[in-house]
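Commentary on secondary and tertiary structure
Okay, here's what each chain looks like letter by letter:
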Amino acid sequence: MKRRSVLTGTAAAIATTTIEAGPATAASRASVAGADVDAVTVLPSDARYADLVVGNNARWVARPESVRLVRTTEQVVQAVQEAVNGNKRISVRSGGHCYTDFVFNSEVQVVIDTSLLDTISYDKKLKAFEVGAGATLLHIYESLFKGWGVTIPGGMCYSVGAGGHISGGGYGMLSRRHGLTVDHLYAVEVVVVDATGKARSVVATRESDDPNRDLWWAHTGGGGGNFGIVTRYWFRSPGVSSADPSQLLPKPPKEVLVSALAMPWSQLDKESFSSLVHNFGSWHEKNNAADSPAASLCSFLMMNHRANGSIGILTQIDATVPDAEKVLADFLKYITSAVSDTAVRPMTEPVGELGALPDFYTPQRLPWLTSVKLLGTSNPTLTNPTLRGHHKSAYLRKNLTEAQVASMYKHLTRTDHENSASMVVLLSFGGKINDVASGDTAAAQRDSLFKGLFQSFWADAENDDTNIAWTRDVYSEVFSSTGGYPVPGAATDGCYINYPDADITDTRQNTTGVPWYTLYYKDNYPRLQQIKAAYDPRNTFRHSQSIVLPPQT
């Protein structure tokens, strides 16, 4: 795709398709069934307050003056306008799964919570599916599938909110077959603030003649909280035109085959561990193409600290593709070829981010939605709201080296750190994801084989230092040849904005000399800056790693 000049997104062009929402009229408010006239304001004295000022990572807590619970776009505009008028620092929450302090921090004064803005419907005018920014992934999957037999290729965690997940790119177990979530994004509605301080809502589509198209593009991987507050998304796959809604998005598999294996650390030595990891990488090197017979296969290799007891492999494949059973069996045999047959066992205990799945030692056929519910709700880290965490990510273009795997083994078997919830996870990538050019969406990483997620979870603040240090140690050593981070290059391709890293802006940790924004956005960052200037010139929407306004010329 030819890169468009962002100059067409200036104020004059924006005005041509802007929905002036301002303070809502009585008629517009009344048109939303069940909606209150104003957003609900939750103050510190309210019993609801404590649940609304902390997310999935208990390290990050805010004490804002208020939380505004919104149900409509008009309420968002009103809440934003009031905050701007009062010179209040804003942050926005949908599902609350942000790994770092983008939402909850000491500077925020007003949290705008979109979790009640969660309706899902078919929009006849746009011929696309409308999804409220507060809808959780499981709600989206159920609604789209039960209503129309379709889905979007989003993440596995059931309670992640659409607002941040989609704006960061979106990825899940169907992505090798159908691409990233944003590859099916048709339009987005965003509440923005102009240079005069006026809040308004803008609908931006991917249509080539839409003067707001740049705002749509920014939400195809530019990350949440950068340009405004997303209120609604619309989905329709590119190149699809039909009066039948059931033809406008991918149809999920009728059935999937699910496998869950565990390998006890007691049965692994350095050599067998190394072979296991190398085999995972080399399989993805050989099966990376979108037309590969294994394009429907997605696997997570969960390398937990020895204290956990086991390493796990969770794998899913479309059961309806030719020879699905054989493709899955061949994959599992290849990955575990260096491990004794007697060492491969059912997953009878929680492994990494998964609960026990003992029934899937022998692959089981499940209806697709059943598998989504099972895997999405079996994560013990999602059911404990008191957990703290530290997270780092990497895109891998090539297989890991012997030295990198040796570093993983060293830190996963350390005896001075005993935490069963410290882990390195490798996740399948490639396939249809890599059929899109790097600049076609803001999600720039489009030729990786798999991703890496380095993380630790713990319960008490007194254990912060040791767990943060462990995560830093294993990550920085694995990528020591490029300054401690996966610098875009021949073997690695930066970091995933939806797995934000609290250290990435710290030059004591990121010693690469490569800016944090290049690790997330690569060559797309300057364009994102220009879009920021066009739609958020006052920098109203910002956080610790938000896109920075470009230098004035």
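Residues numbered from 1 in each chain as written. Predicted model: local features only at pLDDT ≥ 70, side-chain atom pairs only at ≥ 80, totals over all residues. Heavy atoms only, no water.

With an unreviewed UniProt entry as reference, the protein chain is termed FAD-linked oxidase, source organism Streptomyces minutiscleroticus. As stated in UniProt under Cofactor (unreviewed entry), the record for the protein chain gives "FAD". (UniProt positions renumbered as here; feature names shortened; annotations may be inferred.)

Description of helix H10 (residues 324–335)
Here H10 spans 17 Å end to end across 12 residues, near enough to the 16 Å set by a 1.5 Å rise per residue. Buried within H10 are the following residues: Ala324, Val327, Leu328, Phe331, Leu332 and Ile335. Along the axis of H10, the buried positions cluster into a sector of 125°, meaning they face one direction only. Residues Lys326 and Lys333 are exposed on H10 and point more than 90 degrees away from its buried face. For H10, the elements touching its buried residues are strand S11 (255–264), helix H9 (270–286), strand S12 (298–304) and strand S13 (310–318). (Helix = DSSP H or I, 4+ residues; strand = E, 2+ residues; numbered from the N terminus. Expected span 1.5 Å × (residues − 1). Buried < 20%, exposed > 50% of the residue type's maximum accessible area, 1.4 Å probe, protein only. Arc of directions from axis to C-beta. Contact = heavy atoms within 4.5 Å.)

Brief notes about the pattern of salt bridges
Under the criterion given, the structure shown has 27 salt bridges. Taking the shortest distance from any N to any O, the salt bridge between Asp447 and Arg397 comes out at 2.8 Å. Linking Asp447 in the loop between strand S17 (422–428) and strand S18 (450–458) with Arg397 in the loop between strand S16 (388–396) and helix H12 (402–412), this pair joins segments that are 50 residues apart in sequence. Classification of Asp447 as partly exposed rests on a relative accessible area of 38%. (Salt bridge = Lys/Arg side-chain N within 4 Å of Asp/Glu carboxyl O.)

Things to note about the sheet that holds strand S4 (residues 90–93)
Judged by pairing direction, the sheet is mixed, and its four strands sit side by side in the order S2-S3-S5-S4 without closing on themselves. Strands with a single pairing partner mark the edges of an open sheet, and in this sheet they are strand S2 (40–42) and S4. When strand polarity is set aside, the average angle formed by the axes of neighbouring strands in this sheet is 25°. Summarising the sheet, S4 and strand S5 (residues 110–113) pair through four bridges and their orientation is parallel. When the sheet's bridge partners are listed, Ser91 is paired in S5 with Val111. (Pairing = 2+ DSSP bridges. Axes fitted to C-alpha atoms, helices over the stretch in contact; angles between N-to-C directions.)

Focus on the pairing of S5
Residues Val110 and Ile112 of S5 are buried on one face, and the alternating residues Val111 and Asp113, pointing to the opposite face, are buried as well. Bridge count for strand S3 (residues 66–69) against S5 is four bridges, and the pairing is parallel. Paired with Val67 across the bridge in S5 is Val111.

Describing the side chain of Asn399
Its place among the elements puts Asn399 in the loop between S16 and H12. On the accessibility criterion, Asn399 (17% relative accessible area) is buried. Reaching out from Asn399, the side chain makes a polar contact with the backbone oxygen of His278 at a distance of 3.0 Å. Those residues in contact with Asn399 that lie beyond four places of it in its chain are Val277, His278, Gly281, Ser282, Glu285, Leu449 and Phe450. (Polar contact = N/O pair within 3.5 Å; in protein donor to acceptor, adjacent residues only side chain to side chain.)

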